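Listed below are the residues making up each chain.
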Amino acid sequence: MAAARLSGTENRLVSLPLSRIRVIMKSSPEVSSINQDALFLTAKATELFVQYLATYSYKHGRGKEKNALTYTDLSHTAEECETFQFLADILPKKILASKYLKMLEKEKRDGEVREDDDEAEKEEDEDEAVGDNVGS
């Protein structure tokens, strides 16, 4: 009965749903059972992390000007702040599809140019090697 009361108290101390966190934790193949304390601490740590990320992004972004936190603020924080750089793939900067397609085309052209350069260098190396052998 004490565990039931503790569990109810813990639910009031965290905002995130413990059942969802349990599902996420159990999705890992290494996890077979989850201690209530571990579940609670994971939920609380996640809440504190999200709060810190949001506060930092708000203070260092344009949030103060607009009195709002935007996705751009979060992605800028993930890219610029060393502490949050592990989130850069999850929070990439938004770009227009047309801009992305232009980037892909440029990369493709650059890749073709590099391949042509590599082939030309190989041919030059072969020509020099043949010239060296003929001269000897």
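What you are looking at is a predicted structure, and each value in this text was computed from that prediction instead of being measured.

J.: Please provide a residue-by-residue account of the packing of helix α2 (residues 18-26) against helix α3 (residues 36-60), values included.
T.: When two helices pack together, their arrangement is captured by the angle between the axes and the distance separating the axes. Packing of α2 against α3 leaves a shortest axis separation of 10 Å and a crossing angle of 105 degrees. One finds that α2 runs roughly perpendicular with respect to α3. Only Gln36, Leu39, Phe40, Thr42 and Ala43 of α3 make contact with α2, whose side of the interface consists of Leu18, Ile21, Arg22 and Met25.

J.: Lay out the pattern of salt bridges with the relevant residues and their values.
T.: The full count for this structure, using the stated rule, is two salt bridges. With a shortest N-O distance of 3.9 Å, Lys44 and Glu47 are connected by a salt bridge. With Lys44 and Glu47 both in helix α3, this residue pair falls three residues apart, about one helical turn. The exposure class of Lys44 is partly exposed, given its relative accessible area of 28%.

J.: Before we move on, can you summarise the packing of α3 against helix α5 (residues 71-80) with the specific residues and values?
T.: Direction vectors running N to C along α3 and α5 enclose 100 degrees, while the axes themselves pass 9 Å from each other. With respect to their mutual orientation, α3 and α5 come out roughly perpendicular. Contacts between α3 and α5 pair Leu53, Tyr56 and Ser57 from the former with Asp73, Leu74 and Thr77 from the latter. Here the residues of the contact of α3 with α5 sort into three nonpolar, two polar and one charged.

J.: Could you give an account of the environment of Ala68, naming the residues involved and the relevant values?
T.: Among the structural elements, Ala68 can be located in the loop between α4 (63-66) and α5. Linking Ala68 and Tyr58, residues ten residues apart in sequence, is a C-alpha distance of 7.5 Å. Every residue in contact with Ala68, bar those within four places of it in the chain, is listed here: Tyr58, Gly63 and Asp73.

Basis of the calculations
Residues numbered from 1 in each chain as written. Predicted model: local features only at pLDDT ≥ 70, side-chain atom pairs only at ≥ 80, totals over all residues. Heavy atoms only, no water. Axes fitted to C-alpha atoms, helices over the stretch in contact; angles between N-to-C directions. Helix = DSSP H or I, 4+ residues; strand = E, 2+ residues; numbered from the N terminus. Parallel < 35°, antiparallel > 145°, perpendicular 65-115°, else oblique. Contact = heavy atoms within 4.5 Å. Salt bridge = Lys/Arg side-chain N within 4 Å of Asp/Glu carboxyl O. Buried < 20%, exposed > 50% of the residue type's maximum accessible area, 1.4 Å probe, protein only. Nonpolar A, V, L, I, M, F, W, Y, C, P; charged D, E, K, R; others polar.

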